[in-house]
Structure formats: structure tokens, C-alpha cells
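Understanding the architecture of this molecule
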Amino acid sequence: MKMTFRWYGPSDSIPLNYMKQIQGMTGVVTAVYGVPVGEVWPLETLESQKKLCEEAGLEMEVIESIPVHEDIKLGRPTRDKYIEAYKENLRRCGKVGVKCVCYNFMPVFDWLRTNLYFKHKDGATSLSYSKKDFDGLDPRNLHLPGWDESYSTDELNALLDAYANVDHDTLFNNLVYFLNAIMPVCDETGINVAIHPDDPPWDVFGLPRIICKESDYDRLFATVPNKHNGITFCTGSLGAGRFNDLPYMAGKYADRIYFAHLRQLKYDGDEDFYENGHQTAYGNVDIYEIVKALVKNGFDGYLRPDHGRNIWGEDAKPGYGLFDRALGAAYLTGLFEAVEKDLK
């Protein structure tokens, strides 16, 4: 296991040397920001970012993410052009020593929350999801916490209209087309691509979501068996679905989990939840049993503490402050050490 920390490039408010001071931290998870989706990343930017990481004593072996253009998800005639750009980005990542690329195949929207500043009794804040609040949103006139509003209202409506005839099977087939196209480059570069589960793991605004549960992974690996086709195992995304047995899934797919996001959720209703400190005692995700299943079944990938709380007065990017994620990294490092010693 290699412990990593999310780094939003040179403009990140958390300095690289602070990340390095977290015990057990080996590297960062980053991307090239500011380049439109579907375009090729400048190699010099990747090289520059790697140099900054190395000067801080950190590796840059994981990219999160190279975004997938909507035309690929929609299966439009233009998808091959964007797939070629994606393949070139993989090659350029390979040139700077990247080993794993996280991506997602969620239509239009990435992760969705209804509150970025859910207030805990102790004064901490975190991300949360309320079904009632979500059901009150109008996707045609959307103002959603955490969504960067990359599209104008007209562009968003056009996309929603384009997905009107895209069902689960169509979206899955478009994912398979994409993966089959990039697998030769993964073979060439040695890069593992690790799909992030849908967050939350159910359809939203009538848009299909296809990476939500065990049967989705079984279907994916049966259809694209290449070993470079793998998983980003996100306990927060999958854990929002009460139907998922996370320790079982961690063990079952350990040899396909190339990247793990470990974070905690506290259920607050049938679908409502808020994010909490990483320890098992603070929520409904059994982090201990998940770590035990990963270690027992040979997990040897990258790991990062995922969304944390804002604590101790820190005014940071919601979910991505320094303090609570550092505590999470320390907790997870301790869990792995204990489980690994117990299983020897």
C-alpha cells in the first residue's frame, strides 16, 4: 500500500511540504488543471508538477482524473477524436512515471451533495446529502453545492436532452467501447485505469449510472477482462448505497483495486448521510473490516484519505482541508500496520 494525498497543483492552498510531514505519506494524487476536457495535456506541465513533487520528497504516480468527454459517454460520432486525445494523455502520463489513472463515467454530473457545510455538534463541518433537498432541485435551472457549473444553462439543457435516449445498457456499451480503445495504450505504458464509482450510487435527474454495485463490477470485468481495467474503491460513494457490502467487495476485488478512497459516512435516514471522521466508530462504514479484507486479499495499490471535515477553525476547500485528512491518513496507516502484523 502507498499512502497518498490529493494535491490540486501549484495553486493548492496546502503546501507540498505540509503533505510530506504527514507520517507515512509517499506521494500525491493530482491532475493537470485548466485544460478543457477532451484536449491534450502539455507534457511540460506534467514534468513541472512532477519536479515540484520530487523536490518535496513526494512521488507523482497517480492522476485523478483525466476527465472523459461527454461525447464519449454519449457515443457520438466525434468520440473517436476525444478517445485519441485521451490515449495521448495516457502516453504523456506514462512518460512522467504515472502508474494509475482514476476516472469516472458519470453523465454530466460528478459527485453530488446538497450541503458543503453541514454543521456537526462539535462545530466541525462536512459534506452532506439530503434526499428532500435534492428532490427540490430543478436540473434545468441548477444551482448545486460543489458543482462547478461548467456548462451554461443552454449547454446543460442540451446535454440533458442528448441523454434522454441513453439508457443503462447504452451507457455501459459506450464505456466498453472507450475501454477497449484505450487498453492497448495501457498495455504499452503499464498504466492501470481505475474507474471511480458513481456518487451517489443511483440514477440522478433521470440520468443512468452504471458503476454502483457488485453486479456492475462483475459485468465490467467479464466484458473487459484486461488487467489494466480496474477500480477506484471509494467507500463513501459505494457506502451511500445501503445495498453494498463493502468489506466483502473489498476482498472480492482486491486484485482489481488499484486506488482506494477511504472515508466515513454517517447515515441520517433512508438515503440521507453526512461525512464524518475516518474512524469506524464515527459512522456506518466499517473501515477496519474493509482494511482487513484489502490486506488479507493482497491489495497492493494506492490509497488516500478521502473527504474530511473542516476542523480546528480551518477555512479550507470543503472536504479537502489539511487537518482532518492528515488525521485520517494517520489512522489508516495505523490500521494497515496493525492488520498486516496480525495476519503474518
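Just so it is clear, the structure is predicted and the values come from calculations on it, not from any experiment.

For the protein, the helix and strand inventory stands at 12 helices and 12 strands. Rg of the C-alpha trace for the protein: 19 Å, near the compact-globule value of 20 Å for 344 residues, within the 12% margin. Looking at the protein as a whole, 55% of its 344 residues are labelled buried. Within the protein, contacts between residues separated by at least 24 positions form 73% of all contacts whose residues are at least 6 apart in sequence. When the accessible surface of the protein is split by element, carbon and sulfur atoms take 48% of a total near 14500 Å². Both charge centroids of the protein, one from 37 positive and one from 51 negative side chains, sit 3 Å from each other.

Moving on to the pattern of salt bridges. All chains considered together, the criterion is met by 29 salt bridges. Of the charged contacts in the structure, one is a salt bridge between Glu275 and Arg263, with a shortest N-O distance of 3.0 Å. Highlighted residues: Glu275 in strand E11 (residues 273-276) and Arg263 in the loop between strand E9 (257-262) and strand E10 (264-267), separated in sequence by 12 residues. We note that Glu275, like Arg263, is buried.

Bringing unusual backbone geometry into the picture now. A cis geometry characterises the amide bond from Glu64 onward to Ser65, with omega recorded as 5°. Within the secondary structure, Ser65 is located in the loop between strand E3 (59-64) and helix H3 (70-74). At the junction of Asp199 and Pro200, the peptide bond is cis and its omega measures out at 0° in the coordinates. Here Pro200 is to be found in the loop between strand E7 (192-195) and helix H8 (214-223). Of note in the backbone geometry, Val108 takes a positive phi value of approximately 70° without being a glycine. Take Val108: it is sitting in the loop between strand E4 (100-103) and strand E5 (115-119). Its relative accessible area of 8% is what places Val108 among the buried residues.

The next thing to look at is the sheet that holds E4. Read around the barrel, eight strands follow the order E1-E2-E3-E4-E7-E8-E9-E12 and close on themselves; strand pairing throughout is parallel. Going across the sheet, the axis of each strand differs from the next one's by a mean of 30°, ignoring polarity.

What follows concerns the side chain of His228. Along the polypeptide, His228 turns up in the loop between H8 and strand E8 (229-234). Since its relative accessible area comes to 17%, His228 is described here as buried. Ignoring sequence-local partners within four residues, the contact set of His228 consists of Met183, Cys186, Asp187, Gly190, Ile191, Asn192, Val193 and Tyr258.

Within the structure shown, the criterion is met by 16 aromatic pairs. Taken together, a centroid distance of 4.6 Å and an interplanar angle of 20° make the contact between Phe118 and Tyr274 stacked. Of this pair, Phe118 sits in strand E5 while Tyr274 is found in strand E11, placing the two residues 156 residues apart along the sequence. A connected cluster of aromatic rings, assembled from ring pairs, spans Phe109, Tyr129, Phe134, Trp202, Phe205 and Phe273. Lying across the ring of Phe221, Arg256 places its NZ or CZ 4.4 Å from the centre.

Quick look at the packing of helix H4 (residues 79-95) against helix H7 (residues 168-189) now. Packing of H4 against H7 brings their axes to within 10 Å, and their N-to-C directions diverge by 30°. Relative to H7, the element H4 lies roughly parallel. When the axes of H4 and H7 are compared, the crossing they make is right-handed. Of the residues in H7, those touching H4 at Arg79, Asp80, Ile83, Tyr86, Lys87, Leu90 and Arg91 are Asn174, Tyr177, Phe178, Ala181, Ile182, Val185, Cys186, Glu188 and Thr189.

Buried residues dominate strand E1 (residues 2-6), accounting for four of its five residues. Relative to strand E2 (residues 25-30), E1 runs parallel, the two being bridged by four bridges. Bridged to Met3 within E2 is Met25.

When two helices pack together, their arrangement is given by the angle between their axes and by how far apart the axes lie. Here H7 crosses H8 at 40°, and the two axes come no closer than 11 Å. The orientation of H7 relative to H8 falls into the category oblique. Seen along the crossing, H7 lies across H8 with a hand that is right-handed. Of the residues in H8, those touching H7 at Asp169, Phe172, Leu175, Val176 and Leu179 are Arg219, Leu220 and Thr223.

Cut-offs and rules
- Residues numbered from 1 in each chain as written.
- Predicted model: local features only at pLDDT ≥ 70, side-chain atom pairs only at ≥ 80, totals over all residues.
- Heavy atoms only, no water.
- Helix = DSSP H or I, 4+ residues; strand = E, 2+ residues; numbered from the N terminus.
- Rg over C-alpha atoms; globule rule 2.2 N^0.38 Å.
- Buried < 20%, exposed > 50% of the residue type's maximum accessible area, 1.4 Å probe, protein only.
- Contact = heavy atoms within 4.5 Å.
- Areas by Shrake-Rupley, 256 points an atom, 1.4 Å probe, with all protein chains shown as cover.
- Lys, Arg positive; Asp, Glu negative; His and termini not counted.
- Charge placed at Lys NZ, Arg CZ, Asp CG, Glu CD.
- Salt bridge = Lys/Arg side-chain N within 4 Å of Asp/Glu carboxyl O.
- Pairing = 2+ DSSP bridges.
- Axes fitted to C-alpha atoms, helices over the stretch in contact; angles between N-to-C directions.
- Phe/Tyr/Trp six-rings, centres within 6.5 Å; stacked < 30°, edge-to-face > 60°.
- Lys NZ or Arg CZ within 6 Å of the ring centre and 35° of its normal.
- Parallel < 35°, antiparallel > 145°, perpendicular 65-115°, else oblique.
- Left-handed = near helix turned anticlockwise from the far one by under 90°.

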